[in-house]
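Spelled out from the first residue to the last, the chains are:
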Amino acid sequence: MTWLQTTLQTIWASLVAFGIIKSIIVIVIIALVSRAQKLLGLVAAILFIAFLAHWI
């Protein structure tokens, strides 16, 4: 019974740690995107103009 309890606690701890790591990665990606927001806006505008030019 102790072995089963230890195994389940280890699996639970690894799942919790994996969730925390995923959350940290998402926060870092959001921070990088917010810093590059001006560049992304410029790229979006260029792509939109290219899209419009394609239909003209």
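Reading guide: rules and limits
- Residues numbered from 1 in each chain as written.
- Predicted model: local features only at pLDDT ≥ 70, side-chain atom pairs only at ≥ 80, totals over all residues.
- Heavy atoms only, no water.
- Helix = DSSP H or I, 4+ residues; strand = E, 2+ residues; numbered from the N terminus.
- Rg over C-alpha atoms; globule rule 2.2 N^0.38 Å.
- Buried < 20%, exposed > 50% of the residue type's maximum accessible area, 1.4 Å probe, protein only.
- Areas by Shrake-Rupley, 256 points an atom, 1.4 Å probe, with all protein chains shown as cover.
- Patch = residues over 30% accessible without salt bridge, like charges linked within 9 Å, V, L, I, M, F, W, Y side chains within 5 Å.
- Salt bridge = Lys/Arg side-chain N within 4 Å of Asp/Glu carboxyl O.

1. A few points about the overall build of the protein
On a plain count of helices and strands, the protein comes out with 2 helices and 0 strands. Here the C-alpha radius of gyration of the protein, 22 Å, is well above what a compact globule of 56 residues would show, namely 10 Å. Counting only residues that meet the buried cut, the protein has 0% of its 56 residues in that class. Roughly 5400 Å² of accessible area belongs to the protein as shown, and the carbon and sulfur atoms make up 81% of that amount.

2. Some remarks on a nonpolar patch on the surface
A contiguous nonpolar surface patch, about 1400 Å² in accessible area, is contributed by M1, W3, L4, L8, I11, W12, L15, V16, I20, I24, V28 and L32. Looking at the secondary structure, you find V16 in helix α1 (residues 2-35).

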